[in-house]
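Reading the structure
Spelled out from the first residue to the last, the chains are:
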Amino acid sequence: GDQMIVVGSGMAGAQAALALRQGGWAGPIRLLGAERELPYDRPPLSKDVLLGQRDSTTLDIDWAGVDLMPGRRATGLEPGLLHTDRGSLPYDALVIATGAKPVTLPGARTLRTLDDALALRASLRPGRHLVLVGAGWIGAETATVARQLGCRVTVVEAAATPLAGALPAELGGLMTQWYADAGVELRCGVGVAAVEPGAVLLADGTELAADEVVVGIGARPATGWLAGSPVELDRAGAILTDDQLRTSLPGVWAAGDCVSYPSARLGTRVNVQHWDHALQSGRAVAASVLGAGTPYDPVPYFWSEQFGRMVQYAGRHAGGDLMLWRGSAEDPAWTVLWLRDGRLTGLLSVDRPRDVNQAKKLIERGVPLDPVAAADPSVQLKAA
Ligand code: FAD
């Protein structure tokens, strides 16, 4: 039968290989990944693993019928042939799922792999001073755990508020209190000039003594190995696919953090870097390969566990959308909704998971909401 190769054995690649086997791909399936580990889950790395509650997050999948090739890195691609660090492999069909790589700062650690999490954990001993660069999702989660482990924690953020790229300043501003309540020193509005041995030098000249420095300022598609191949990338390095996750090279598909797909729902191309997308696009790409594809266009969703709170976001709001409070920032749990032309485009929720589940369906269906009812947290979110 035809040879299938899935490159990258994170959540997207693992789901693709599994769904291809379950969906009846007739030939052999190889799942190749640069890391030594069998496919594992990343979200617990900055939560349970860092806290010391788990050492492994290996996916509980029966790999019978899939030829796993861990510790093998793809280095180039030409039609019908995948080049790797240990020789070339012919393919009839290929799925690219090489994920994303954190943006680095010389001298600082990043937190992306199991090895990263175990190494950082070993150094987060009580009393040590951890400096985190970036008050984003990873920064907030790492700060949370480091405080629980008894570290001193300082977070340096170039923007005026946490999560400035994702949320309006009003909401990011609220989160500064979460840092303070957890005993984390948050320094916003100042960049990092350099990381030196034992210290972080800030752009304003301040030198912060640091036992450990971790940078969490985003990730870029891990597609450098495709340079010179016929697979088209956007300027940020994301693989350009059509709405069924097909790349510009026939016989080659892509899924997960490395992809830019056209979303009719959002009216634009998107490079989503969240777990739910990795899972769903992995399954969708298999359907597309097997000829049973439909346009891939889910409502984007992610969660973050920070400072004892479950923070969830679904959909995608834009600058001009009407922002509506559902509950009050003074309450321990609240939700903020965004509406455009009376319809829900996105929501941010803190410890109100039921709002999120209902909102996902309302965004999916694109039905109008009654803003008065939607603003009342005691009334279930529903269509007008
Ligand atoms: P990846 O998980 O990056 O997997 C890609 C794999 O491909 C990697 O194993 C990589 O080594 C391999 N690879 C790369 N290049 C090559 C090559 N050339 N050859 C062979 N193999 C290669 N999302 C949420 O929604 N909620 C969360 O709470 C959350 N927490 C997170 C916490 C952490 C610490 C991290 C790092 C991410 C978190 N995410 C979270 C994001 C989520 O984990 C990712 O979106 C998801 O892992 C993406 O899956 P992927 O398979 O596309 O890519």
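Notes on the structure in this doc start here.

Overview of the sheet that holds strand β20 (residues 268–270)
- The strand order β17-β19-β20 describes an open sheet built from three strands, whose pairing is mixed. Each edge of the open sheet is held by one strand with a lone partner, namely β17 (239–240) and β20.

Here we look at the pattern of salt bridges
- Under the criterion given, the structure shown has 16 salt bridges.
- Close ionic contact of aspartate 67 with arginine 30 constitutes a salt bridge, the shortest N to O distance being 3.7 Å. Taken together, the positions of aspartate 67 in strand β3 (residues 67–70) and arginine 30 in strand β2 (residues 29–33) put the pair 37 residues apart, joining distant regions of the chain.
- Looking at arginine 30, the relative accessible area reads 21%, which means it is partly exposed.

Describing the packing of aromatic side chains
- In this structure the tally under the stated criterion is seven aromatic pairs.
- Note on tryptophan 137 and phenylalanine 302: the rings are 4.7 Å apart at their centroids and 75 degrees apart in plane angle, and the pair reads as edge-to-face. Of this pair, tryptophan 137 sits in helix α4 (residues 137–148) while phenylalanine 302 sits in strand β21 (residues 301–306); the two residues are 165 residues apart in sequence, bridging distant segments of the chain. We note that tryptophan 137, like phenylalanine 302, is buried.
- What links up through ring pairs into an aromatic cluster is the set Trp137, Phe302, Tyr313 and Trp338.
- The ring of tyrosine 301 carries lysine 360 above its face, with NZ or CZ at 3.8 Å from the centroid.

Section: empty space enclosed by the protein
- Applying the stated criterion across every chain, the model contains two cavities of 30 Å³ or more.
- Estimates place the volume of the largest cavity at around 40 Å³.
- Lining the largest cavity are Ser9, Leu31, Leu32, Gly33, Glu37, Leu38, Pro39, Leu68, Met69 and Pro70.
- Counting only elements with at least two residues in the lining of the largest cavity, the list comes to β2 and β3.
- Of the residues contributing to the lining of the largest cavity, the split by class is seven nonpolar, two polar and one charged.
- Volume-wise, the second largest cavity comes out at about 30 Å³.
- Around the second largest cavity, the lining residues are Tyr261, Val272, Asp276, His277, Tyr296, Pro298, Val299, Pro300 and Tyr301.

Rules used throughout
- Residues numbered from 1 in each chain as written.
- Predicted model: local features only at pLDDT ≥ 70, side-chain atom pairs only at ≥ 80, totals over all residues.
- Heavy atoms only, no water.
- Pairing = 2+ DSSP bridges.
- Helix = DSSP H or I, 4+ residues; strand = E, 2+ residues; numbered from the N terminus.
- Salt bridge = Lys/Arg side-chain N within 4 Å of Asp/Glu carboxyl O.
- Buried < 20%, exposed > 50% of the residue type's maximum accessible area, 1.4 Å probe, protein only.
- Phe/Tyr/Trp six-rings, centres within 6.5 Å; stacked < 30°, edge-to-face > 60°.
- Lys NZ or Arg CZ within 6 Å of the ring centre and 35° of its normal.
- 1 Å grid on protein atoms, 1.4 Å probe; cavity = no way out; pocket = protein on both sides within 12 Å on 5 of 7 lines; lining within 4 Å.
- Points joined across faces, edges and corners; volume = space filled by probe spheres on them.
- Nonpolar A, V, L, I, M, F, W, Y, C, P; charged D, E, K, R; others polar.

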